[in-house]
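Per-entry structural report
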Amino acid sequence: ADVIAKSSEEFDRQAFENLRSRAMLTSQSVARFLNERETDLAVAASLPRTEQAFVDFAHAKSGEIWTIAPDGREVHLSLPLYREITFIDLAGQEVIKIVNTCDDYPSSCAVNIASKLVNVGRPENTLFKSETYFDETLALEQDAVYVGGMIGEYIPQDRAYAGAQNRSGERYRGVIRFATAVFEDGKKTGIVVLALESIHLMELLAHVSPANPEPIAEIDPREADFTYMVDPEGWAISHPRHFN
């Protein structure tokens, strides 16, 4: 009995260590991904102030979404990384804006030049009608970076995607904004904003089943074997049930 108890304890210890190691590796991949977005921001801030330069940059930035389609097929989707790429002048007026428009998110999306430019110095004109990234970024010193919290529209439980539990449901589509002030000859001329499609951050956890050492295409949250992430305030920002 003593041997069995010690073997069980050793098995539990190894299982815990494996989970801890996997959690650390996953967190490191998230950190690396977010650091890469700051690198993208520095590149965007140095671009010529032309629509074509911004369009070319947007086309060069995409990520893969691995999932199971509603019809049961395993699919790999290419999706632009950024929902918005914008240069904004010192008055808050959008000057150049490239957007990711989708007929059927996330399976049918494309980079386009925005048809309407607004003044985002007024939060009610921002994508989610309440964002304050313009004022917060404008106050930054040179080379400082603003990173916003994830923001998006809530999807009710009855129509939200939930992995294998509701494969055909609507996917949460939020953004995380990265922004920096632009300086030319030592003078601040505006700000550049990258609005990351939140699904790309969620994708880093969407295939991690703690009981399975290999990535899997789709999680079934009913099995209570999934990985999720919360922000510093405790809000879930990656979860297989998108109503969460």
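Notes on the structure follow. (Residues numbered from 1 in each chain as written. Predicted model: local features only at pLDDT ≥ 70, side-chain atom pairs only at ≥ 80, totals over all residues. Heavy atoms only, no water.)

**Section: the nonpolar core**
Core analysis: the biggest nonpolar cluster contains 33 residues, and Phe-54, Ile-85, Ile-98, Leu-194, Leu-196 and Leu-201 have the highest contact counts within it. Contributions of two or more residues to this core are made by α1 (2-45), α2 (51-59), β3 (82-89), β4 (94-104), β7 (175-184), β8 (187-197) and α4 (198-203). It is α1 that provides the largest number of residues to this core, a total of five residues. Counting residues in hydrophobic clusters, the runner-up holds ten residues, among them Val-118, Val-120, Tyr-133 and Tyr-146. (Core = buried A, V, L, I, M, F, W, Y, C linked by side-chain atoms within 4.5 Å. Buried < 20%, exposed > 50% of the residue type's maximum accessible area, 1.4 Å probe, protein only. Helix = DSSP H or I, 4+ residues; strand = E, 2+ residues; numbered from the N terminus.)

**Quick notes on the pattern of salt bridges**
Across all of its chains, the model carries 15 salt bridges by this definition. Two residues, Glu-197 and Arg-173, come together in a salt bridge whose shortest N-O distance is 2.6 Å. Taken together, the residues Glu-197 in strand β8 and Arg-173 in the loop between β6 (146-147) and β7 connect sequence positions 24 residues apart. Accessibility assignment for this pair places Glu-197 and Arg-173 in one class, buried. For the salt bridge of Arg-222 with Asp-220, the shortest nitrogen-to-oxygen distance reads 2.9 Å. Within the structure, one salt-bridge network assembled from shared partners comprises Glu-84, Glu-94, Lys-97, Glu-131 and Arg-177. (Salt bridge = Lys/Arg side-chain N within 4 Å of Asp/Glu carboxyl O.)

**Some thoughts on the environment of Asn-125**
Among the secondary structure elements, Asn-125 is positioned in the loop between β5 (108-113) and α3 (133-138). Judged by relative accessible area, which is 30%, Asn-125 ranks as partly exposed. Separated by 105 residues in sequence, Asn-125 and Val-230 have C-alpha atoms that sit 28 Å apart.

**Observations concerning the state of the cysteines**
Within this structure, the stated rule accounts for one disulfide. What pairs with Cys-102 in a disulfide is Cys-109, and their sulfur atoms sit 2.1 Å apart. Note on the Cys-102 and Cys-109 pair: the S-S dihedral is about 110°, so by sign convention the disulfide is right-handed. (Disulfide = S-S within 2.5 Å.)

**Some words on the packing of aromatic side chains**
Taken as a whole and assessed by the stated rule, the structure comprises one aromatic pair. The interplanar angle of 55° and the centroid separation of 6.2 Å between the aromatic rings of Phe-226 and Tyr-228 together place this pair among those described as tilted. For the cation-ring pair, Arg-49 lies above Phe-87, with the distance from its terminal atom to the ring centre recorded as 4.6 Å. For the cation-ring pair, Arg-171 lies above Tyr-161, with the distance from its terminal atom to the ring centre recorded as 3.8 Å. (Phe/Tyr/Trp six-rings, centres within 6.5 Å; stacked < 30°, edge-to-face > 60°. Lys NZ or Arg CZ within 6 Å of the ring centre and 35° of its normal.)

**Overview of unusual backbone geometry**
Here Tyr-105 and Pro-106 are connected by a cis peptide whose omega angle stands at 0°. Along the chain, the position of Pro-106 falls in the loop between β4 and β5. A positive phi is found at Asp-185, a non-glycine position, where the angle reads about 55°.

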